[in-house]
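Notes for the structure review
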Amino acid sequence: MTTFIELLLGGLSMGSVYALIALGFVVIFKATEVVNFAHASLLLAGGYLTAVLHDDLGFWPALAVGVAGAAVVGSAVEFLVMRRYRGSDHSVLAIVTIGVDILLTTELTRRLGTDVLALGDPWGDRVLTFGGVTLAQTRVAAFVAAALLITAFLLAFRYTTWGVAMRAAAENPTTAALMGVRLGRVSLSAWAVAGALAAVAALFLTVFPTPGLERATSLAALKAFPAAILGGLDSTTGALAGGLVVGVTESLTTGYQSDLAFLGRGIGDLAPYLVMVAVLLVRPAGLFGTKEPARV
């Protein structure tokens, strides 16, 4: 039972981090109706800036620079690349983001080489023990940070002028533009917010018990993608739910790998995608996604 509780808590913690990444997918999709496949490179950029600057600036200033830097990179991608294709088919724009991701990831992995970079976090390898259950402090910090950021985002999305503009643009871009909503600003801010969330997620993906930032870190965004899909690409609530489902599923299947040997090795990496497919078979729009009306 202790093992199950540890796996469950660890899964909820990592699920909250996946929710941050999935929220980035959702924010951009709601603002532009484009699936952003360049999200992995934004995550890697934020983590890289934090890793290379923490010795000189200290951890918290370096993290702030990493978050701001990832937001700037996201804004630059939107302004310099995506805006030039405005009005194009959304599938074309999605392919463009794949090209952007390849360019950015190639440059960042060239800079990383074979190194594994520490981010200088203050938690180290310390653990918390309560009732026989052991949990790394980094996992607790990840859950608390993700909860605060997601709550702040949802409140801003609901009650601020930016949130109203975002919701209007997501509901009907043409009408929103006619009512004075500047779609370019909405899109730019969406990319910036997604980049900032990805940078925070990069921190908690690379601290203890993982060794640090490396070339494969960006692949974590691929684990968050099924979270966004099964939750619903146009639902901020779905991003949270999907992230938690993916995190818990991955943690439990990895932890009980020996008992699931009949399913083959690496089932922990495959399980989130199996859950995504199972959900989509029942609810094609995702758990909280909006069903498209169809004339019959």
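Per chain, residues are indexed from 1 in the order of the written sequence. Selection of residues for local features in this predicted model requires a pLDDT of at least 70, selection of side-chain atom pairs for listing and counting requires 80 or more, and totals for whole chains, interfaces and linings are taken over all residues. Remark: hydrogens and water are excluded; side-chain values derive from all non-hydrogen atoms of the structure.

**With respect to the overall build of the protein**
Scanning the protein from terminus to terminus reveals 11 helices and two strands. Starting at the N terminus and ending at the C terminus, the protein contains elements arranged as α-α-α-α-β-β-α-α-α-α-α-α-α. Our radius of gyration looks at C-alpha atoms and nothing else; its globule reference is 2.2 Å times the residue count to the power 0.38. In terms of overall dimensions, the protein is globule-like: its C-alpha atoms have a radius of gyration of 19 Å, near the 19 Å expected for 296 residues. With the C-alpha coordinates of the protein rotated into their principal frame, the extents come out at 60 × 55 × 35 Å. Contacts spanning at least 24 positions in sequence make up 74% of the contacts within the protein whose residues lie at least 6 apart. In short, Shrake-Rupley with a 1.4 Å probe defines the accessible areas, and a residue's cover is counted only from the protein chains shown. For the protein, the exposed area adds up to about 14,300 Å²; of that, 66% sits on carbon and sulfur atoms. The numbering of helices and of strands both runs from the N terminus, where a helix is a DSSP run of H or I of at least 4 residues and a strand a run of E of at least 2. Contact definition: two residues touch when any of their heavy atoms are within 4.5 Å.

**Notes on the nonpolar core**
In this description, a nonpolar core means a group of buried Ala, Val, Leu, Ile, Met, Phe, Trp, Tyr and Cys residues linked to one another through side-chain atoms lying within 4.5 Å. Exposure categories follow from relative accessible area, calculated using a 1.4 Å probe and restricted to protein chains: below 20% of the type maximum is buried, above 50% is exposed, and the middle band is partly exposed. The biggest cluster of nonpolar side chains holds 71 residues, and the ones touching the most others in it are Ile-21, Leu-203, Phe-204 and Leu-205. Of all the elements, helix H1 (residues 2–32) adds the most residues to this core, at 13 residues. Ignoring sequence-local partners within four residues, the contact set of Leu-205 consists of Met-14, Val-17, Tyr-18, Ile-21, Leu-43, Thr-210 and Ala-220.

**Comments concerning helix H11 (residues 267–282)**
Helix length check: H11, at 16 residues, gives a terminal C-alpha distance of 22 Å against a target of 22 Å (1.5 Å per residue), a fit within 8%. Every buried residue of H11 is listed here: Ile-267, Gly-268, Ala-271, Pro-272, Met-276 and Val-279. Multiply 1.5 Å by the residue count of a helix minus one, and that product is the helix's expected span.

**What about the packing of aromatic side chains?**
Pairing of aromatic rings covers Phe, Tyr and Trp, the last counted by its six-membered ring, and requires centre-to-centre distances within 6.5 Å; plane angles under 30 degrees mean stacked, over 60 mean edge-to-face, and any other angle means tilted. All told, the structure shown has nine aromatic pairs when counted by the stated rule. On the numbers, 5.4 Å between centres and 65° between planes, the contact of Phe-25 with Phe-225 is edge-to-face. Taken together, the positions of Phe-25 in helix H1 and Phe-225 in helix H9 (residues 220–231) put the pair 200 residues apart, joining distant regions of the chain. Residue classification places Phe-25 among the buried positions, given a relative accessible area of 5%. For the ring pair Phe-59 and Trp-123, a centre distance of 6.1 Å and an interplane angle of 80° mean the geometry is edge-to-face. Pair noted here: Phe-59 is in helix H3 (residues 59–80) and Trp-123 is in the loop between helix H4 (90–112) and strand S1 (127–130), with a separation of 64 residues, a long-range link. Considered together, Phe-59 and Trp-123 belong to a single accessibility category, that of buried residues. What links up through ring pairs into an aromatic cluster is the set Phe-59, Trp-60, Trp-123 and Phe-204.

**Points about the confidence of the model for the protein**
Here pLDDT means the predictor's own confidence in every residue, given as a number from 0 to 100. Summing up the model confidence of the protein, the mean pLDDT is 88 and the portion of residues at 70 or higher is 96%. Within the protein, the lowest mean pLDDT, 84, falls on helix H7 (residues 173–178), and the highest, 95, falls on H3.

**Topic: the side chain of Asp-121**
Along the chain, Asp-121 turns up in the loop between H4 and S1. Note on charges: Lys and Arg go in the positive column, Asp and Glu in the negative column, and His and the chain ends are not counted at all. For this document, the term salt bridge refers to a Lys or Arg side-chain nitrogen within 4 Å of an Asp or Glu carboxyl oxygen. Buried and without a salt bridge, Asp-121 has Arg-126 as its closest oppositely charged side chain, separated by 7.0 Å. Contact partners of Asp-121, with chain neighbours within four places excluded, come to Phe-59, Thr-138, Leu-203 and Val-207.

**Quick look at the pattern of salt bridges**
Enumeration according to the criterion identifies four salt bridges in this entry. A salt bridge links Glu-107 to Arg-111, with the shortest nitrogen-to-oxygen separation between them at 2.9 Å. Pair noted here: Glu-107 and Arg-111 are both in helix H4, with a separation of four residues, about one helical turn. With a shortest N-O distance of 2.7 Å, Lys-223 and Glu-250 are connected by a salt bridge. In this pair, Lys-223 sits in helix H9 while Glu-250 sits in helix H10 (residues 236–255), placing the two residues 27 residues apart along the sequence. The network of salt bridges with shared partners includes Glu-107, Arg-110 and Arg-111.

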